[in-house]
Structures are given as C-alpha cells and as structure tokens.
Amino acid sequence: MNIKTILLMGMLTTMIFACQPHSVSYASYDEYPVYEGKWEEMTYTPLHTSFALWAPTAQQVKVLVYETGQGGSAKRMVDMEPAEDGMWRTSVEGDLKGCFYTFNVRINDVWQGDTPGLWAKAVGVNGNRAAIIDMKETDPADWENDRRPTAKSLQDAIIYEMHLRDFTTDSTGGMKYRGKYLALTEDTTHTWMGEHTGLAHLKELGVTHVQLMPVFDFASIDESHPERTQYNWGYDPKNYNVPEGSYATDPYNPQVRIREFKQMIQALHNAGIRVIMDVVYNHTFTVQGSVFERTVPGYFYRKDAKGNFANGSGCGNETASERAMMRRFIVESVCYWAKEYHIDGFRFDLMGLHDAETMRAVRHALDRIDPAIFICGEGWAASVPSLSPDLLAMKENVNKMPGIAVFRDEFRDSLRGPFGNDKKGAFLIGRPNHEQGVRFGISGGTCPLTPNDSCTGSPQQFISYVSCHDDLCLTDRLKATLPGASVQELGSLQKLAATALLTSQGVPFLFAGDEFLRTRQGKPNPYNLPDEVNAIRWNDKALHRDVFDYYRGLIAMRKGHPAFRMGDAALIREHLEFIPVPASSVVAFRLKGNPCGDAWLNTIVVLNARTEAVKVNIPEGKYWVVCQNGKVDLVLGLGTITGNQLQVAPRSATIIHQ
C-alpha cells in the first residue's frame, strides 16, 4: 500500500467520524435543557403514530416497534431526529394500534438498552414494552359521568388504608375476583354468616376515603406467572403512569388493566368513597435498567459527595425532585392520574425526600383540577437525605406546604409506643408521661408538645394515626406490649385508640382490619410474605363485631358533628380546652359551646387508659351519654348524668354532651 493510499484512507476515516453525531455533555444538571411543550412520548392516530423522547445527552435514539408485549424481534426500527430542548421525534405511518414499542438511547457510543419510556401509559405483561392503544377505548360504560363524591373540606376526610390483595383475597369474603381490581366493584359480598365484606363493608363502616397501597406498575411480581405464590406491597416502581398488571384479570392485554382499574374507581365513587393513591416517586426499584437511567443517565437521581447514588430512601437510590424535568414529571404524573383515572388524592411515600417546592407545585397543579384532592405524605426519610433538611418536605416544614398533610408519628408513638421497640408501650396500656403527646394529637397539632415546639398551621395538615401498613398492626403491637392480654382487653384498648383518633381535630387515618382486631401474626414488615400472613380474615368481623360497631359509631359521630373537625387552628384554640384529671394515663377535654354550629353543646371526652375507674370533675350540668363502656349509641343514647363529676370505667372512653 503506497503512501497516497494510506493518506487517502486516513482522510476518509476522519470524515466518517466527523459526520457521526456525538453525545451532548453539560457542566451541571442545571444546564440541561428544560422542555416546556406538551410532554407526550406516544400519540396514536389510525393514520400515523408520533413518538417523542426527552434525551438531551443522546447521540442517537431509536424507537423499536413489536407485534407482542414480550418475546420476538422488533418488526421495525426507526431512527428519531433531534428536536427542540433535548427532545427527539419521529412519526411512523400506518395504523399501529395493538403494537408495542420501546426506545433505545445511544450515549457515548453505548446503547443503553430498551425502555418503554418515562411516560408509558399502557404496557404489555411485566411492563417491559409500552403499548399503542386508543385510551378512549379503555373507558368503562358511563365513565364520562363518573364524578368525585362531594368533599366540602379536607378536614372532613376519614381515611382507610388498604392493600388491594389483602382486602379481597380471603375466600370467606365471597368475592368472585379475589385479589383483583374488580373485587372492589362487587358491592353485595358477604361471609356465610351474612357479614358485609369488601365494598359493602366500606359502605357499612362509613369511611370517606380509601387509600390504596401502590397500584401503579411495580417490578417485584412476575405477571406472566399468576399461578405462582407471589406477594408484595409494591413500593418498587417500574412504570409510574400505568396500573399494575397482577391485579388485572389479563395482564397481557394492555387495555384490560386500565379498564378494570377505572371500573374499580367508578364503583368506589358510586359508593360515595373517594380514592387516595399511594405514590412512590422518591426512588425506583433499581437504578441500572430503570426508565430514568436508560434515558438520561444520572439526571433523575441524586448522588453523594463520593459520587455514589444517594440512598435516603433505604432502597438503593433517591430521585432528584429538585431538578426541573423530574419536578415536572412528578407534577404531571399526579395530574394524569387525577384526570385520566379520576383519582381523588395522593399519599407520598417518604415525602421528606422530595423538596418542598416540588410539593407546593403538586398542590398548585391539583388545585386547578379539584381543590378537594387530598395530598398527604410521610414527613421523613429512611436515612439521611443528600439535600439540606430546610429544603425538604419534612414534617418540620409543614407550614411551608399549605394544603399538604403529614403523618404525625408523635401522636402514634404517644398512644402505642415508639417505633423501633415493639415491646415498649405507651398511653394505651397505661404507661404514664405520654399524656402531652396525646393532647398534641387531639388538638390536631395546634397544641405544642413543649413550649418551644411550633404548632401546625392547620389541623387539615395533621394525619392522626396509630397504625398503618408499616410496622406492627395495632392488635399485634398491643399483644407485644401487653403479653397475655385477653381478647376482651385487646378489644377495649383498640376502642380506646379509635376514640382518640376519631375525636382528634386532625385527619383520622385507619388501617384496614383494625376495626375487627386484624393480626398479621406479629410480623412487623411483611411486605413480601404470603396471604397467610397478610390477608384480612373476614370471619374475624363476626368474632369482634362489638369493636366494628364501635368504630362505625365513632365514624358516624364525627361525620355528624363538626365540632370534632373544626378545621381551623384559631377555632380550636377558642373552643378546645383540656380538663384537669386526677391521675396519669387519663386525658380529658371539652369542646366549649357548639363550634361550627354543632347540635351538641359542651361536648366532653375522657380517655381512661388506667386499669381502674377514674372520676373527673366537669362543669355542673345535665349531660347526655353517647359513648360509654365500649359502646356508642347516637340514636337512643346511653342515659344521662347530672352533676359536676363523671366516672369513667377502666380502659375505656366516655363521651357526653349537653
């Protein structure tokens, strides 16, 4: 080979490489372009389907079209063209309805791997490929007339948390579609003894909101093998904007999971119940292979000072909500669920990992849809976050996030005992020095724990709870802190806890099954344990009917009497006064006058956690008794008392009014 040939080949090689697109790099994430147009990754029409992907660091992007949701090779691979603000676009002619697609991004000469995209709204089995469908065809009959049940105020909410499978899988519940979305459309199910179950149980109980544990598409369940014993809570996000397939009757058909999810929402709405969705934007199931990392590596996650992925979630990563496109993704995702699926509220898992500005943006966006959409979250992180606490949506910063409620573990721990020590009890089992924490909860956070504490700006921002899916459920916790307690004692303590929650000025939150002494066999974190541990046993409702009736009575009382849900800190400070008590482990309070036009006058509530009766001095007068000795009767009442002293039985609550 002569020197001219060598020089010519070198020049040709240089020209070829010079024509190849190169990956785009930026000095910092703040310099990444922010796309401000309509963020849709797939738009279908019978004539053509348009694809778009925000991938500002890519040197090449392809969209691959498949005939099936899994297996087989792509029938078409189409190059996308760079467009404005980091977007890539293409359009494919012809009717692609029923096909599936993925994106693949090339960065620094490395193909990142197939992904259904950030905005997949329909997917095939296991969510590995997005589906091309006409969303209008997923609407059930009369969906256009589905309306959110009336909610005058956030303060009126009574929230009931459930795991869909837990609530519907027990064979004694009489549901045809056990463990599926459609189980919550069956409104006349019952046990062989005639006890209402499922949706009928919710209507009988009287709660206003159901909070569903994760029902977006999550990674831990293999949808292609429903015959296997598989269980998970679902806090392992895969595709944020499409329902989970394992709860559908056919996970292979992309339309089925969407339609059945909507049918579930429709049935709950028809029953007068709003739906809160548990959302987990703070982390993903994995980093490598996630839709975020395969699209724009590094951008959607925080890293620590050493360059490792930050782990404030305790799950291996934490998302970077403070970055413009991640913030936009979170805001538009919840709005999508609110509009397309008519979701009525959102519970943010580990909300303390999100920046407060993002949460304010969420509230502002949802207000434009319906100001009564409920937003709440855990005001903490699992471990130390990588952002300054002052910037985060922690419970300490609740006053910076109007219209957003936080779970108050101070009230929970004052009632049942501290997190992390299951055997240590508190107020409910008669341990002294927890009364102030109970009073803090009763006031909805408007009464500080100590003189130096800041008060909650609004009781609407205070979630009053004693148990939830995390940690031991209440019956198991009481068994751990009071070994050897009889069933009768457990029922009495459960009723006492319910009274504290449902007379609190905060927003009461109940965990499914607590109303009839649910147990999970003492397992504190059974996120992946089988139905034998997690499922609600509907036969327990008949066994503990007195506890259920007590819960139901308190719920009816709260709904019927606005004095228990004033919703305003100034009103609470004006009308709520704590009454001196003769001993520890007793809390008493009076709602002076008839706040908010209540039909009851000077309502008094006494919580006695002692093992002996107590006498509490009260203002002189004649009172009607509506709650006493573990019973609630709002219709006929439980008698009257006259004088200036009230005797309250051991381990019970009494409620009276003039």
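Structure: above.
Residues numbered from 1 in each chain as written. Predicted model: local features only at pLDDT ≥ 70, side-chain atom pairs only at ≥ 80, totals over all residues. Heavy atoms only, no water.

### Concerning the overall build of the protein
For clarity, the threshold we go by: Going along the chain from the N terminus, every DSSP run of H or I of four or more residues is numbered as a helix, and every run of E of two or more is numbered as a strand. Atoms considered for the radius of gyration are the C-alpha atoms alone. The globule rule reads 2.2 Å times the number of residues to the power 0.38. Contact criterion: two residues are considered in contact whenever any of their non-hydrogen atoms come within 4.5 Å of each other. Computed by Shrake-Rupley with a 1.4 Å probe, the accessible areas treat only the displayed protein chains as cover when residues are assessed. The sign given to each residue is positive for Lys and Arg and negative for Asp and Glu; His and the chain ends receive no count. For charged residues, the charge sits on one atom: NZ in Lys, CZ in Arg, CG in Asp, CD in Glu.
Scanning the protein from N- to C-terminus turns up 14 helices and 26 strands. The C-alpha atoms of the protein give a radius of gyration of 28 Å, which matches the 26 Å a tight globule of 658 residues would have. For the protein, contacts bridging at least 24 residues in sequence account for 72% of all contacts bridging at least 6. Accessible surface, the protein as shown: approximately 25,400 Å² in total, 52% of it carbon and sulfur. A gap of 3 Å separates the mean positions of the 67 positive and 76 negative side-chain charges of the protein.

### Examining the side chain of Arg558
Applicable threshold: Polar contacts here mean pairs of N or O atoms no more than 3.5 Å apart (in protein, one a potential hydrogen donor and the other a potential acceptor; neighbouring residues in sequence count only if both atoms are side-chain atoms).
Relative to the helices and strands, Arg558 is located in helix α13 (residues 545–560). Among the polar contacts listed, one links the side chain of Arg558 to the backbone oxygen of Ser504, at a separation of 2.7 Å. Aside from chain neighbours lying at most four places away, what touches Arg558 is Gln155, Ile158, Leu501, Leu502, Thr503, Ser504, Gln505, Gly506, Pro508, Phe564 and Arg565.

### Observations regarding the packing of aromatic side chains
The condition is simple: Stacked, tilted and edge-to-face are the three classes applied to pairs of Phe, Tyr and Trp rings, where Trp contributes its six-membered ring and a pair requires centres within 6.5 Å; stacked means planes under 30 degrees apart, edge-to-face means over 60, and tilted covers the rest. Three exposure classes are used, based on accessible area relative to the maximum for each residue type with a 1.4 Å probe and protein chains only: buried under 20%, partly exposed in between, and exposed over 50%. Remark: a charge is flagged as sitting over a ring if the NZ atom of Lys or the CZ atom of Arg is within 6 Å of the ring centre and within 35 degrees of the ring normal.
Applying the stated rule across the entire model yields 40 aromatic pairs. Relative to Phe329, the ring of Trp39 has its centre 6.3 Å away and its plane inclined at 75 degrees; by these criteria the two rings are edge-to-face. Within this pair, whereas Trp39 is found in the loop between α1 (3–19) and β1 (42–44), its partner Phe329 is found in helix α5 (residues 324–340), the two being separated by 290 residues in sequence. Using a relative accessible area of 0% as the deciding quantity, one classes Phe329 as buried. Pairing Tyr240 with Tyr281 gives two aromatic rings, centres 5.1 Å apart and planes at 20 degrees, and the pair type is stacked. Separated by 41 residues along the polypeptide, Tyr240 in strand β13 (residues 237–243) and Tyr281 in the loop between β14 (274–279) and α5 bring together distant segments of the chain. Tyr240 sits in the buried class, given a relative accessible area of 4%. Directly above the ring of Tyr66 sits Arg129, whose terminal nitrogen or CZ lies 3.6 Å from the centroid. Positioned over the ring face of Tyr341 is Lys262, at 5.6 Å from the centre of the ring.

### Quick word on a nonpolar patch on the surface
We count it as follows: In this analysis, a patch consists of residues with relative accessible area above 30% that form no salt bridge, clustered at 9 Å for like charges and at 5 Å for the nonpolar side chains Val, Leu, Ile, Met, Phe, Trp and Tyr. Any carboxyl oxygen of Asp or Glu within 4 Å of a side-chain nitrogen of Lys or Arg constitutes a salt bridge here.
On the surface, Leu634, Val635 and Leu636 cluster together into a nonpolar patch covering about 350 Å² of accessible area. In this fold, Val635 is placed in the loop between β24 (631–632) and β25 (640–648).

### With respect to α5
Think of an α-helix as 3.6 residues a turn; residues three or four steps apart then line up on the same face. Here is the rule: Helix span is expected to be 1.5 Å times the residue number reduced by one.
Between its terminal C-alpha atoms α5 stretches 24 Å, which fits the 24 Å expected from 17 residues at 1.5 Å a residue. Counting buried residues along α5, 13 of its 17 residues qualify, which places the element largely inside the surrounding structure. At the C-terminal side of α5, His342 shows a positive phi close to 60 degrees.

### So, the pairing of strand β23 (residues 614–628)
Rules: Only strands joined by at least two bridges in the DSSP assignment are considered to pair.
Two elements, β23 and β25, share 8 bridges in a ladder whose sense is antiparallel. Its bridge partner being in β25, Lys622 is matched across the sheet by Thr642. Following β23, the chain reverses through 2 residues before pairing antiparallel with β24; Asn629 in that reversal takes a positive phi of roughly 50 degrees.

### Quick word on the sheet that holds strand β6 (residues 87–93)
Hydrogen bonds along the backbone pair up the strands of a sheet, which may run parallel or antiparallel. One open sheet accounts for 4 strands, arranged β1-β2-β6-β5; its pairing is antiparallel. Across the chains shown, the open sheet's two edge strands, defined by having one partner strand only, are β1 and β5 (81–82).

### Quick look at the sheet that holds β14
Our working rule: Lines are fitted to the C-alpha atoms to define the axes, a helix being fitted only along its stretch in contact, and any angle between axes, read from their N-to-C directions, falls within 0 to 180 degrees.
One closed barrel holds the 8 strands; their spatial order is β10-β11-β14-β15-β16-β17-β18-β19, and the pairing between them is parallel. In this sheet, adjacent strand axes meet at a mean angle of 30 degrees when their direction is disregarded. As paired strands, strand β17 (residues 405–407) and strand β18 (residues 462–464) are joined by 2 bridges and run parallel to one another. By the bridge assignment, Phe407 is partnered in β18 with Ile463. Contacting β15 (345–348) and β16 (374–377), helix α6 (residues 356–367) runs over the sheet at an angle of about 165 degrees to β16.

### Things to note about the environment of Leu53
You can see Leu53 is positioned in strand β2 (residues 48–54). Distance from Leu53 to Gly86, taken between C-alpha atoms, is 8.3 Å for residues 33 residues apart in sequence. Setting aside residues no more than four positions away along its own chain, Leu53 makes contact with Glu41, Val61, Met80, Gly86, Met87, Trp88, Phe103, Val105 and Thr295.

### Focus on the packing of helix α9 (residues 474–481) against helix α10 (residues 487–502)
Two packed helices can be described by the angle between their axes and the distance between those axes. To keep it simple, the criterion reads: Here is the rule for angles: anything less than 35 degrees is roughly parallel, anything more than 145 is roughly antiparallel, 65 through 115 is roughly perpendicular, and the remaining ranges are oblique. For any pair of crossing helices, the crossing counts as left-handed if the nearer helix is rotated counterclockwise from the farther one by less than a right angle, and right-handed if it is rotated clockwise. Just so you know the grouping, Ala, Val, Leu, Ile, Met, Phe, Trp, Tyr, Cys and Pro go in nonpolar, Asp, Glu, Lys and Arg go in charged, and all remaining residues, Gly too, go in polar.
As a packed pair, α9 and α10 sit with axes 10 Å apart at the nearest point and diverge in direction by 120 degrees. Relative to α10, the element α9 lies oblique. Classified by chirality, the crossing of α10 by α9 is right-handed. Between α9 and α10, the residues in contact are Leu474, Thr475, Leu478 and Lys479 and Leu490, Leu493, Gln494 and Ala497, respectively. Tallied by class, the residues present in the contact of α9 with α10 amount to 5 nonpolar, 2 polar and 1 charged.

### Focus on the state of the cysteines
The condition is simple: Sulfur atoms of two cysteines make up a disulfide when they are within 2.5 Å.
Applying the stated rule across the entire model yields 0 disulfides. Note on Cys335: no disulfide assigned, nearest cysteine sulfur contributed by Cys376 at a separation of 16 Å.

### Examining the pattern of salt bridges
Within this structure, the stated rule accounts for 45 salt bridges. One salt bridge connects Lys262 with Asp139, and the closest N-O pair in it is separated by 2.6 Å. On the criterion of sequence distance, the pair formed by Lys262 in helix α4 (residues 254–270) and Asp139 in the loop between β9 (130–131) and β10 (159–162) is long-range, its members being 123 residues apart. On the basis of relative accessible area, Lys262 is assigned to the buried category, the value being 0%. Looking at Asp139, the relative accessible area reads 33%, which means it is partly exposed.

### Remarks on the packing of helix α3 (residues 198–205) against α13
At a minimum axis separation of 9 Å, α3 and α13 run at an interaxial angle of 55 degrees. It follows that α3 is oblique to α13 by the angle criterion. For the pair formed by α3 and α13, the contact residues are His201, Glu204 and Leu205 on the first element and Arg545, Phe548, Tyr551, Arg552 and Ile555 on the second. Looking at the contact of α3 with α13, its residues break down into 4 nonpolar, 1 polar and 3 charged.

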